[in-house]
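# Analysis of the macromolecular model
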Amino acid sequence: MKKKALFGLASLLIIAIAIVATTAYFTKQFVSDNNPAKAAVFNVDVVDRDGQTIGDGKFNLGEDFFPGMEPVEVYNFTIKKNDTKLPVEYSVNFTPSGELLTGDTPIALELQKDVAGVWTKVDYSTTFKPENDSESYRILASWPHGDNDIAFQGKTGNMKLEVTATQVDPEEEVEGPPYYTGEVAFKATPNGSTRKTSEKEVNFYVNKEGYKVIEINKGETAGDFETKVGNVKVVGETFNGKLYYRVYTEKEYYASESQVWRTSTVDTSVDGVVRFNAVLGPYLSIESKALYNWFTSN
């Protein structure tokens, strides 16, 4: 009898497969006075190579398992988000049973994902998030040589595969650097025009003297703000023992090196907006959540 036959195992590995789609965080909404409310769609599916939702299945490997065998594909499945718009994460869990697959089993399983045509190993010990609406996976089984292979000859086993899709909280986008503003508005004099712009790069830091500095770059556009005000710089300074913020602009005469435009009044009552209010109505307002958080915490 060939050595291969000596270590032969049943050629049929039965794998029980289950799919679980959880709906964590869902809150049901009810119809009241003919005002219907509808919960978001959570329609994740896991299908086999024939496009059918996976269930209990048998995998005929075509030959017995034996020590030293190369990895073979025992199952292939695809996870589809379908019309699910909620953020989700997946987990894959293998639950073995039977003498072949439990204890000090010699059988090694590997989960792989199809990434642009290349099968890439996936760490299924932790959850992972989909990068596409439809993603293909496969399971490989192998039998590396070991010291106790003979003890497993003729043994059989059963493997339960559980694929779980779980709704998760959306990830907050981390802003910058670089950082960009919302609306920026500047009124240089009580009777002057209020010039506005938006989507400008803003930098902020503490200078070597220990004062806050804010810089707004006008960029390449040529609007009213860019041509009449230009780049803006706000610098903290102490005058007569009191903290002020002085505003310098590239083109506005009343806020230049030769003209003092400064204020000690900073309004942060509106979330995400830092506003420097001068006497009799002039002001500089900068909308930026990143700047606001930095300015109010330093």
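In what follows, the accompanying structure is described. (Residues numbered from 1 in each chain as written. Predicted model: local features only at pLDDT ≥ 70, side-chain atom pairs only at ≥ 80, totals over all residues. Heavy atoms only, no water.)

### Let's talk about the pairing of strand E6 (residues 108-115)
Selection criterion: Any two strands between which DSSP finds at least two bridges are classified as paired. Runs of E in the DSSP output that reach at least two residues are strands. Runs of H or I that reach at least four are helices, and both are numbered from the N terminus.
Here E6 pairs with strand E8 (residues 134-142) via six bridges, running antiparallel. Note on E8: the bridge partner recorded for leucine 109 is alanine 141. Taken together, the five bridges between E6 and strand E7 (residues 118-122) define a ladder with antiparallel strand orientation. Each residue of the ladder has a partner; that of valine 115, found in E7, is valine 118. Between E6 and E7, which pair antiparallel one after the other, the connecting turn spans two residues, and alanine 116 there sits at a positive phi close to 55 degrees.

### What to know about the sheet that holds strand E10 (residues 179-180)
Taken together, the six strands give an open sheet; going across it, the order is E10-E13-E14-E15-E16-E17, and neighbouring strands pair in antiparallel fashion. Whereas interior strands pair on both sides, the edge strands pair on one side only; in this sheet they are E10 and strand E17 (262-263). Strand direction decides the pairing type here: strand E14 (residues 212-217) and strand E15 (residues 232-239), joined by four bridges, are antiparallel. Among the inter-strand pairings, isoleucine 214 is bridged to a residue of E15, identified as valine 234.

### Comments concerning the pattern of salt bridges
Inclusion rule: When a carboxyl oxygen of Asp or Glu is within 4 Å of a side-chain nitrogen of Lys or Arg, the pair counts as a salt bridge.
Throughout the structure, instances matching the rule amount to ten salt bridges. Arginine 138 is paired through a salt bridge with glutamate 73; the nearest N and O atoms lie 3.5 Å apart. Of the two residues, arginine 138 sits in strand E8 while glutamate 73 sits in strand E4 (residues 72-80), which places them 65 residues apart along the sequence. The residue lysine 218 makes a salt bridge to glutamate 250 at a minimum N-O spacing of 3.3 Å. Placement of lysine 218 in the loop between E14 and helix H2 (224-228) and of glutamate 250 in the loop between strand E16 (242-249) and E17 is noted, with a sequence separation of 32 residues between them. Residues joined in a network through salt bridges with shared partners are Lys113, Glu131 and Glu135.

### Some points on unusual backbone geometry
Selection criterion: Each residue is assigned to one of three classes by its accessible area relative to the maximum for its type, calculated with a 1.4 Å probe on protein chains only: buried under 20%, partly exposed between the two thresholds, exposed over 50%.
Despite not being glycine, glutamate 199 shows a phi value in the positive range, around 55 degrees. In this fold, glutamate 199 is placed in the loop between strand E12 (194-198) and strand E13 (201-206). Judged by relative accessible area, glutamate 199 falls into the exposed class, the value being 57%. Unlike most non-glycine residues, asparagine 240 shows phi in positive territory, near 55 degrees. Mapping asparagine 240 onto the fold places it in the loop between E15 and E16. Note on asparagine 240: relative accessible area 71%, which makes it exposed.

### Thoughts on the packing of aromatic side chains
Note the cut-off: Aromatic pairing here means that ring centres of Phe, Tyr or Trp (its six-membered ring) are within 6.5 Å. Orientation follows from the plane angle: under 30 degrees is stacked, over 60 is edge-to-face, and everything else is tilted. Here, over-ring charges are defined by two tests on the NZ atom of lysine or the CZ atom of arginine: distance to the ring centre within 6 Å, and angle to the ring normal within 35 degrees.
Tallied over the entire structure, the rule returns 13 aromatic pairs. A centroid spacing of 6.1 Å and a plane angle of 75 degrees characterise the contact between phenylalanine 239 and tyrosine 244, whose relative ring orientation is edge-to-face. For phenylalanine 239, a relative accessible area of 36% translates into the label partly exposed. Linked through ring pairs, Tyr179, Phe204, Tyr245, Phe276, Trp294 and Phe295 together constitute an aromatic cluster. Sitting above the plane of the tyrosine 244 ring, arginine 262 keeps its charged end 5.4 Å from the centroid.

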